[in-house]
Amino acid sequence: MRTVYIIIAVLLALDNVFIHFKVPVLGLSYDRFLEFILFFAFIKQYISEIRINPFFKKWNTFIILFALLQLLMNLYLVLQGKMEFEFVYKFFVKCLSFLVYSFLFLILVKKKIEYVNIILVIHFLIILFALLHHPLSPMASQMMGFKQFLYSASNVHGIEDKLMLEEVYIAGGGFADRFRLSGPFNSSIGFSYFAISSFIIGFYMYLKLKRRIYLAFLILVFIASILTQTRSLLLAEIFLVFGYLFFVPSIKNTLNKLVIISGALLAIIVVYASKDVLTFGNSRLVQNHSENRPLLWATGIYTVMNYPFGVADEDYMKIKNEMFTRYKNPGILVLSAHNGIVNIGFHYSIIGYFLFTAFVIFILRHIKFLEPKFIVFFRLALLAYLIHSSFHNDFILSSDYPYLMVLILISTESLTNNKQKMDLVHKDHL
């Protein structure tokens, strides 16, 4: 049985790495297909969790509601002739896969918290792969060859051009300052979503077990995050670490809090303003690009307002053209909303915003029952994720799986905390 749990940990850790190798007919990646098989193998425990675990029962209800909401929205688009019917099935299965993924992580952690270490070890290997893939690495060409294999079965639009550009950067060497670390993922943004969840899980394990190895892991993730040149990711990680140090109950001295604030501000200034960060004078981190994201957000919101029960590609393009005519910014025509929260309306209609609000309230209510340090930690982990995802398109319950593990940890930590309280009560009676 231990072997089965190890397989589960490996599958969860490798999410989105081998996703382009699909099972014929079904269209699922092999790792996702195996997750579904394991889910049905543990179906009795799944039913048991719904009965005995209040958190998971509500979690299960929310994901099914999201799945049904999206199903109805997509059927509406099909009836309008704006979507092919096959996408209705694919998106519905994808919604259910969020439930499968989170349940497998739940039984893994409930079995033994140390299984999370297997996930972090594989995450470490992914980060090591990413660092060795950097143009400054002597093994960059070999890593490039392996990455090309990972995408040999891919039909993602533009992936060949991205891989070719990475190959040029590696061959050129001197282009290292423009190379954005992406590891086995198709872009630096894909890597950044992996990184923020991995950083949060590593931080949680440090708070839980107090082992220095987790601090070393966090430092490695942060170094890789700098090399992605993704500012929102760095801001989220800095916010989480210094926010925790500032708000954790064990630190009460005013002077210490001032030092923490100063450290956070200094970290942000060094990362965003210095012309000498890792000698990347021409890197994306330190250049002043004109930001058009507010216009992209506004375009996304305006689109959902105009098509509240389902947005088709042609509808989005119509609104984009209208907004371009008004604001004359070419980015509007070629870029999507770049905001995970805004994109909820695209995946779940305007009703999705209300359902997601209820989902967040449900999460926050359960956080209140944790140990004080974990109350601080998980609240900040939510905010850190929102900081990062508010500048990019992926989001939980749309395309980001690893962050589901972070939220499930709230459930397992709550169960642990309640068990400890019950044990104390039992001892007092004795």
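See the structure printed just above.
Residues numbered from 1 in each chain as written. Predicted model: local features only at pLDDT ≥ 70, side-chain atom pairs only at ≥ 80, totals over all residues. Heavy atoms only, no water.

Caption draft 1: Up close: the overall build of the protein chain. Looking only at helices and strands, one finds 19 helices and zero strands in the protein chain. With 430 residues in all, the protein chain has 50% of them scored as buried. As displayed, the protein chain offers around 20700 Å² of accessible surface, 67% of which is attributable to carbon and sulfur atoms. (Helix = DSSP H or I, 4+ residues; strand = E, 2+ residues; numbered from the N terminus. Buried < 20%, exposed > 50% of the residue type's maximum accessible area, 1.4 Å probe, protein only. Areas by Shrake-Rupley, 256 points an atom, 1.4 Å probe, with all protein chains shown as cover.)

Caption draft 2: Main features of unusual backbone geometry. One non-glycine residue, N16, lies in positive phi territory at about 75°. Tracing the backbone shows N16 in the loop between α1 (2–13) and α2 (30–41).

Caption draft 3: Layout of the environment of L163. Following the sequence through the fold, L163 ends up in helix α8 (residues 159–172). A residue is classified by how much of its surface remains accessible, and L163, at 10% relative accessible area, is buried. With 19 residues separating them along the chain, L163 and M144 place their C-alpha atoms 8.4 Å apart. Apart from the residues lying within four places of it in its own chain, the contact partners of L163 are M144, K147 and Y151. (Contact = heavy atoms within 4.5 Å.)

Caption draft 4: Main features of the pattern of salt bridges. As enumerated under the stated definition, the model contains eight salt bridges in all. A salt bridge links R32 to D15; the shortest N-O distance between them is 2.8 Å. Placement of R32 in helix α2 and of D15 in the loop between α1 and α2 is noted, with a sequence separation of 17 residues between them. In this structure, R32 and D15 share a single accessibility class: buried. For E322, the salt bridge identified is with R326, shortest N-O distance 3.4 Å. Taken together, the residues E322 and R326, both in helix α14 (residues 313–327) and four residues apart, mark about one turn of the helix. (Salt bridge = Lys/Arg side-chain N within 4 Å of Asp/Glu carboxyl O.)

Caption draft 5: Quick peek at the nonpolar core. Among the nonpolar cores identified, the biggest contains 109 residues, and W59, F105, F359, I363, F377 and F378 are the most heavily contacted of them. Among the elements that line this core, the one with the most residues is helix α5 (residues 85–111), at 13 residues. Not counting residues up to four positions away in its chain, the partners in contact with F377 are I200, F203, Y204, L207, L240 and Y244. The next biggest cluster of nonpolar side chains, apart from the first, holds ten residues, and it includes V304, Y316, V342 and F346. (Core = buried A, V, L, I, M, F, W, Y, C linked by side-chain atoms within 4.5 Å.)

Caption draft 6: Focus on the side chain of H133. Note on placement: H133 falls in the loop between α6 (115–132) and α7 (140–150). The residues contacting H133, other than those within four sequence positions of it, are A140, M143, M144, K147, E166, I170, F179 and G183.

Caption draft 7: How the structure looks around a positive patch on the surface. Judged by side-chain charge, K57, K58, R365, K368 and R379 come together as a positively charged surface patch. Note that R379 resides in helix α18 (residues 372–389). (Patch = residues over 30% accessible without salt bridge, like charges linked within 9 Å, V, L, I, M, F, W, Y side chains within 5 Å. Lys, Arg positive; Asp, Glu negative; His and termini not counted. Charge placed at Lys NZ, Arg CZ, Asp CG, Glu CD.)

Caption draft 8: A look at the packing of helix α10 (residues 212–228) against helix α11 (residues 231–247). Orientation of α10 relative to α11, taken along the N-to-C sense of each, is 150°, at an axis distance of 8 Å. As judged from the angle between their axes, α10 and α11 are roughly antiparallel. Seen from α10, the contacting residues are V221, F222, S225, I226 and T228; seen from α11, they are L233, L234, E237 and I238. For the contact of α10 with α11, a count of residues per class yields six nonpolar, two polar and one charged. (Axes fitted to C-alpha atoms, helices over the stretch in contact; angles between N-to-C directions. Parallel < 35°, antiparallel > 145°, perpendicular 65-115°, else oblique. Nonpolar A, V, L, I, M, F, W, Y, C, P; charged D, E, K, R; others polar.)

Caption draft 9: Inspection of the packing of helix α3 (residues 43–52) against helix α4 (residues 54–79) at higher detail. Put simply, α3 and α4 touch, their axes get as near as 5 Å, and they point 110° apart. As judged from the angle between their axes, α3 and α4 are roughly perpendicular. Each of Y46, E49, I50 and I52 in α3 lies in contact with α4, whose residues at this interface are P54, F56, K57 and N60.

Caption draft 10: How the structure looks around the environment of K110. When you line up the elements, K110 lands in helix α5. In this structure the C-alpha to C-alpha distance between K110 and T416, which are 306 residues apart in sequence, comes to 9.2 Å. Setting aside its immediate chain neighbours within four residues, K110 contacts E49, I52, T412 and L415. A polar contact of 2.6 Å, which involves the side chain of K110, links it to the side chain of E49. (Polar contact = N/O pair within 3.5 Å; in protein donor to acceptor, adjacent residues only side chain to side chain.)

Caption draft 11: Structural detail: the packing of aromatic side chains. According to the stated counting rule, one finds 41 aromatic pairs in the structure shown. Between the aromatic rings of Y5 and F42, the centroid separation amounts to 5.9 Å while the plane-to-plane angle is 50°, which identifies the pairing as tilted. With Y5 in helix α1 and F42 in the loop between α2 and α3, this pair connects stretches of sequence that are 37 residues apart. Using a relative accessible area of 5% as the deciding quantity, one classes Y5 as buried. On the accessibility criterion, F42 (8% relative accessible area) is buried. (Phe/Tyr/Trp six-rings, centres within 6.5 Å; stacked < 30°, edge-to-face > 60°.)

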